[in-house]
Amino acid sequence: MVDYSTWSRRVVDLAGALTRLGAAAEAAGMPSAASATWHANLYQKLAPQASDAPYLIVAVAGGANMGKSTLFNHLVGFPASRVHHNAAETKHPVALLPAGFPARHDLAKVFPGFSLHPWTSEDDAVAEGFPDGLVWREDPSGAQPANLVLLDTPDVDAALPNNWRLAEMIAHGADVIIALLTQQKYNDEKIRRFFRVAAEADKTVLAVVNMVDWPEDREHCRGWLETFRKGTGAEPLHAYAVPRDRNAVRDNQLTIHPLTPRATDPRADLAELQFAEIKIRSLRGALRQALDPDAGIPAYLRDLEKASDESRQARAVIHQKVQTRIDLPRPPAHIVGDEIWRWLEPRRTWFDRKVHGAYGALGRAVSKWIPGSVEPAEDEARFLAEEKTQLNRALETIYDDLEAVYRVGAPALRKELEPLIAGDQRRRAFEELQRRLDAAPLATASYRAVIARRLESFEAEHPKMMRAIEWGLVATAVARPALTIGMFGAADIAAGTVFQAGGHAIGQVFFDVAAGSALTAGGEGAIARLSGPARALIGDLFAAFYRERAELLARVVDDCVVGRHLDHIDRLASLGRSPDFQTAYRLAAELSRELAALDEPVPATEGVA
């Protein structure tokens, strides 16, 4: 392959980009890829091992009651894993590590997905209580090769789903699989499936036919091996036969008979393996599976890109279609004046209070005889009733727009909108709007804080005009702004007074509140003619009132109608153009080209000079 360090860095970068991309995709509602074969190869094999100093993981694998722990103990030279005559007793993988291996390697990276437990006795493999546990021990003899890790695994054909899962995790991470076969199970479907996966990942396989009658079964062993080859696609590097012998099992003194040329004993042959060649072959096999065009990373990226394209189209439709504009009701005449006087109160002298108090009493008495004038409580009731009608109409219009979009939308959009426009969901949204309107005071603490900040700023900029406002008194100032309700991206909003609710790029409901030019001003006993900055000030204060009232609808629409669903669409829309998607796409393409080049036949030479 290309330079190993360059290749391994790209594998690690690919894994990092796909980790972040996968998290974003799941947050947007895409299914997790954690169960995919490419995911296991990348995160249980390639990423943990590509960036580390080379070592080989050799796993003993097979079905229940086939003698895996017996062979494992033979390989390590002592009873490291409990041999039990009942089926499916081995619950945890047992790893024998070379002396000093934990100091040189991060075991969490070597065995991703496992909870690691130091070995205490041979009973650890059958202990209860930690379903994802892996037991490890350093070789006490010091004879194990420094870059060889040996593993005993749970049964690959056990009825317990967790055993199969643990064995599969080990198989993905292993470089060499020692396949245990017996006369009874050499052609079992579950076992064939397990080793077929290993063969497809180009694992090096050693085959051991266990519990045979020797030498009577010599030729039978060859036939069983041939059936195993055809059923799995595996080509064992070496093959062995082990006679049935309980005393040998008890004393850890197995007799091994080679079945293929150059085979001697698994323990000796493992020590002679070409470590670099097998490691590269193992990593290359895992990478080939991970980059399979139809079921690997390229297919996953294509699915994400398709969902992203559909979501961008859906977002464009929503931006274009879902929008409504309403005329807000006239606010209570006193709503701004009362708050101005509340702010002015601590700033006024005793004389001011006497004078303005008299003017106020006179103004209130006279106002009762002015045609069209109403009591503040009546004015508030009128405003609340009209506001409720207008906001309900606005919410109904939004639902009508969403239904129209649903009827012509792409599958991705229809999937998100279907639960959103359901009758029960719509009823809850209207009820929530009603509840929030009923619970909201007209003048909140936050509104008063806005008025205070605006008046303080105005006073600093126009001290003389502020004094004129104090003496002229603004009791009735009416602004009639229009309210635009829509779902836009921030870039779509023109400069102006905009209120934004929610935290999503297209789930946001933007309220464009522009104070109207029709302002009237009256006074408590006097009429002040306002113009210029004073008129703008009053318009700003009324616009602030409308923003706060508009926030009620904004939050209902965002919380109860569109926020979560449109958030999914927007997140998906951004995936296909994200830096992590581009990085993953580029690295997957580069590595795929290099694998294809390695698979090309080498042309024959014409001769040697």
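Computed from a predicted structure; not experimentally measured.

Criteria and thresholds
- Residues numbered from 1 in each chain as written.
- Predicted model: local features only at pLDDT ≥ 70, side-chain atom pairs only at ≥ 80, totals over all residues.
- Heavy atoms only, no water.
- Helix = DSSP H or I, 4+ residues; strand = E, 2+ residues; numbered from the N terminus.
- Buried < 20%, exposed > 50% of the residue type's maximum accessible area, 1.4 Å probe, protein only.
- Contact = heavy atoms within 4.5 Å.
- Pairing = 2+ DSSP bridges.
- pLDDT = per-residue confidence, 0-100.
- Axes fitted to C-alpha atoms, helices over the stretch in contact; angles between N-to-C directions.
- Parallel < 35°, antiparallel > 145°, perpendicular 65-115°, else oblique.
- Left-handed = near helix turned anticlockwise from the far one by under 90°.
- Salt bridge = Lys/Arg side-chain N within 4 Å of Asp/Glu carboxyl O.
- Phe/Tyr/Trp six-rings, centres within 6.5 Å; stacked < 30°, edge-to-face > 60°.

Looking now at the overall build of the protein. Helix and strand content of the protein: 21 helices and 15 strands. Expressed as a percentage of its 609 residues, the buried residues of the protein come to 51%. Contacts in the protein between residues at least 24 apart in sequence constitute 79% of all its contacts with a sequence separation of at least 6.

Another aspect to go through is helix 13 (residues 335-344). Working note: α-helix, 3.6 residues per turn, so residues spaced by three or four point in the same direction. Burial runs high along helix 13: eight of the 10 residues are buried. Those residues of helix 13 that fall on the buried side of the exposure criterion are Ile335, Val336, Gly337, Glu339, Ile340, Trp341, Trp343 and Leu344.

This part is about the environment of proline 215. If you trace the backbone, proline 215 turns up in the loop between strand 7 (204-212) and helix 8 (218-232). For the pair proline 215 and proline 243, spaced 28 residues apart in sequence, the C-alpha to C-alpha distance is 8.6 Å.

Checked against the element boundaries, leucine 56 lands in strand 1 (residues 56-61). Residue class for leucine 56 comes out buried when judged on its relative accessible area of 0%.

This part covers the pairing of strand 5 (residues 148-152). Within strand 5, five of the five residues are buried, which leaves the element mostly enclosed by the surrounding structure. Both faces of strand 5 are covered, namely the face carrying Leu148, Leu150 and Asp152 and the face carrying Val149 and Leu151. Two elements, strand 1 and strand 5, share five bridges in a ladder whose sense is parallel. Counterpart to leucine 56 in the pairing with strand 5 is leucine 148. Direction of pairing for strand 2 (residues 94-97) relative to strand 5: antiparallel, over a ladder of three bridges. Bridged to alanine 95 within strand 5 is leucine 151.

Next up on the list: the confidence of the model for the protein. Of the residues in the protein, 74% have a pLDDT of 70 or more, and the chain-wide mean is 75. Here residues 514-529 is a poorly scored stretch, pLDDT under 50, and it has 43 contacts once near neighbours within four places are set aside; other chains count. Of the regions scoring below 50 in pLDDT, residues 602-609 engages in zero contacts with residues more than four places distant in sequence or in other chains.

Turning our eyes to something else, we now look at the packing of helix 15 (residues 376-408) against helix 17 (residues 423-439). Two quantities define a packed helix pair, namely the angle between the axes and the distance from one axis to the other. Contact pair helix 15 / helix 17: the axes reach a minimum separation of 11 Å and the direction vectors enclose 155 degrees. In terms of orientation, helix 15 lies roughly antiparallel with respect to helix 17. Handedness of the helix 15/helix 17 crossing: right-handed. Facing helix 15, whose interface residues are Glu387, Lys388, Leu391, Asn392, Leu395, Glu396, Tyr399, Asp400 and Glu403, helix 17 presents Gln425, Arg426, Ala429, Phe430, Leu433, Gln434, Leu437 and Asp438.

Once the charged atoms of two side chains with opposite charge are near each other, the side chains can pair. Overall, the coordinates contain 19 salt bridges when judged by the stated rule. Across the pair aspartate 175 and lysine 45 runs a salt bridge, and its minimum N-O distance is 2.2 Å. Placement of the pair is aspartate 175 in the loop between helix 6 (161-173) and strand 6 (176-181) and lysine 45 in helix 2 (residues 37-50), with a sequence separation of 130 residues. Across the pair, lysine 45 and aspartate 175 agree in class, each one buried. With its nearest N and O atoms 3.6 Å apart, the salt bridge here joins aspartate 438 to lysine 388. Taken together, the residues aspartate 438 in helix 17 and lysine 388 in helix 15 connect sequence positions 50 residues apart. Accessibility expressed as a relative area gives 27% for lysine 388, which makes it partly exposed. Residues joined in a network through salt bridges with shared partners are Arg10, Arg586, Glu590 and Glu594.

Next up on the list: the packing of aromatic side chains. Applying the stated criterion to the full structure yields six aromatic pairs. Plain terms: the ring middles of phenylalanine 194 and phenylalanine 195 are 5.1 Å apart, the flat faces sit at 90 degrees to each other, and that makes the pair edge-to-face. Given a relative accessible area of 4%, phenylalanine 194 falls into the buried group. With a centroid separation of 6.2 Å and an interplanar angle of 25 degrees, the aromatic rings of phenylalanine 581 and tyrosine 585 are classed as stacked. Placement of both phenylalanine 581 and tyrosine 585 in helix 21 (residues 579-599) is noted, with a separation of four residues, approximately one turn of the helix. Among the aromatic side chains, those forming a connected cluster through ring pairs are Phe194, Phe195 and Phe228.

Now for the sheet that holds strand 5. Across the sheet, nine strands lie side by side as 3-4-2-5-1-6-7-8-9; this open sheet has mixed pairing. Two strands close off the open sheet at either side, each with one partner strand: strand 3 (115-118) and strand 9 (257-258). Those strands touched by helix 7 (residues 189-200) are strand 1 and strand 6, and its axis lies near 155 degrees from that of strand 6.

With that out of the way, let us pick up unusual backbone geometry. Note the cis peptide between tryptophan 214 and proline 215, where omega equals 10 degrees. Even without glycine at this site, methionine 211 takes up a positive phi of about 55 degrees. Relative to the helices and strands, methionine 211 is located in strand 7. For arginine 262, which is not glycine, the phi torsion reads 70 degrees and is therefore positive. Assignment of secondary structure puts arginine 262 in the loop between strand 9 and helix 10 (266-271).

Neither face of strand 2 is open: one carries Val94 and Leu96, the other Ala95 and Leu97, and all of them are buried. With four bridges joining them, strand 2 and strand 4 (residues 133-138) adopt parallel strand pairing. When the bridges of strand 4 are listed, valine 94 appears paired with valine 135.

Let us now look at the packing of helix 13 against helix 18 (residues 445-461). Two numbers describe how helix 13 lies on helix 18: the axes approach to 10 Å, and their chain directions differ by 65 degrees. One finds that helix 13 runs roughly perpendicular with respect to helix 18. As helix 13 runs across helix 18, the sense of the crossing is right-handed. Packed against helix 13, whose contacting residues are Ile335, Val336, Glu339, Ile340, Arg342 and Trp343, the element helix 18 presents Tyr447, Arg448, Ile451, Ala452, Leu455, Glu456 and Glu459 at the interface.

A few words on the side chain of threonine 204. Turning to its location among the elements, threonine 204 is positioned in strand 7. A relative accessible area of 2% means that threonine 204 is categorised as buried. In this view, threonine 204 contacts Asp175, Val176, Ile177, Leu237, Ile278 and Arg281; residues no more than four positions away in its chain are not counted.

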